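So you can see what is in the structure, the chains are spelled out below.
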Amino acid sequence: MNLEFDSKAALSQMETPILWVMGEYDELFKGTLTNLKQMNLNVIYKEIKNAGHAAHVHQHKRFMSIFQSFLTKDKSIKKVEIKV
């Protein structure tokens, strides 16, 4: 992805909150979270208990609760325009 798009530069400039949800047993991307948090302080991390890499599948109700809460708490999210 970095060959076509400089994701580090884009992430470091974002002012919109970023929700990162992981299962407590997901070891695959925890290092990525650390790097992302260094690039952008607007990262909101939520960990779902008793879930692995596919937390949205393992604990789908808890995931949707977190996601819906995130969307309704920050009104600026509705103003985000994604340019591809």
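For the structure itself, consult the block above.
Being a predicted model, the structure only gives us computed values, none of them experimental.

### A closer look at the overall build of the protein
Working step 1: The helix and strand inventory of the protein stands at four helices and two strands.
Working step 2: Written out in order from the N terminus, the α and β elements of the protein read α-β-α-β-α-α.
Working step 3: Within the protein, the fraction of its 84 residues that count as buried is 25%.
Working step 4: By sequence separation, contacts in the protein at least 24 residues apart represent 59% of the contacts at least 6 residues apart.
Working step 5: Surface accessibility of the protein: about 6,600 Å² in total, with carbon and sulfur atoms responsible for 57%.

### Section: the pairing of strand β2 (residues 43-48)
Working step 1: Pairing of strand β1 (residues 18-23) with β2 involves six bridges; the strand directions are parallel. Its bridge partner lying in β2, Met22 is registered against Glu47.
Working step 2: In the classification by handedness, the crossover that spans β1, the intervening helix α2 (residues 30-39) and the parallel β2 is right-handed.

### Quick notes on unusual backbone geometry
Working step 1: The backbone of Asn50 shows a phi angle near 60°, a positive value even though the residue is not glycine.
Working step 2: The topology assignment puts Asn50 in the loop between β2 and α3 (55-58).
Working step 3: Overall, the relative accessible area of 53% leaves Asn50 in the exposed class.

### Let's talk about the packing of aromatic side chains
Here a ring pair, both rings aromatic, is described through the centre-centre distance and the interplanar angle of the planes.
Working step 1: The full count for this structure, using the stated rule, is one aromatic pair.
Working step 2: Arranged with centres 6.1 Å apart and planes meeting at 10°, the rings of Phe63 and Phe67 form a pair that is stacked. With a gap of four residues between them, Phe63 and Phe67 both fall in helix α4 (residues 60-73), about one helical turn apart.
Working step 3: With a relative accessible area of 31%, Phe67 lands in the partly exposed category.

### Considerations on the side chain of Asn40
Working step 1: On the secondary structure map, Asn40 appears in the loop between α2 and β2.
Working step 2: Asn40 sits in the buried class, given a relative accessible area of 2%.
Working step 3: For Asn40, the side chain forms a polar contact with the main-chain oxygen of Leu11, separated by 2.6 Å.
Working step 4: Within the local environment of Asn40, its side chain forms a polar contact with the backbone oxygen of Met14, the two atoms lying 2.9 Å apart.
Working step 5: In contact with Asn40, not counting residues within four places along its chain, are Leu11, Met14 and Ile18.

About the cut-offs
Residues numbered from 1 in each chain as written. Predicted model: local features only at pLDDT ≥ 70, side-chain atom pairs only at ≥ 80, totals over all residues. Heavy atoms only, no water. Helix = DSSP H or I, 4+ residues; strand = E, 2+ residues; numbered from the N terminus. Buried < 20%, exposed > 50% of the residue type's maximum accessible area, 1.4 Å probe, protein only. Contact = heavy atoms within 4.5 Å. Areas by Shrake-Rupley, 256 points an atom, 1.4 Å probe, with all protein chains shown as cover. Pairing = 2+ DSSP bridges. Right-handed = clockwise from strand over helix to strand, strands pointing away. Phe/Tyr/Trp six-rings, centres within 6.5 Å; stacked < 30°, edge-to-face > 60°. Polar contact = N/O pair within 3.5 Å; in protein donor to acceptor, adjacent residues only side chain to side chain.

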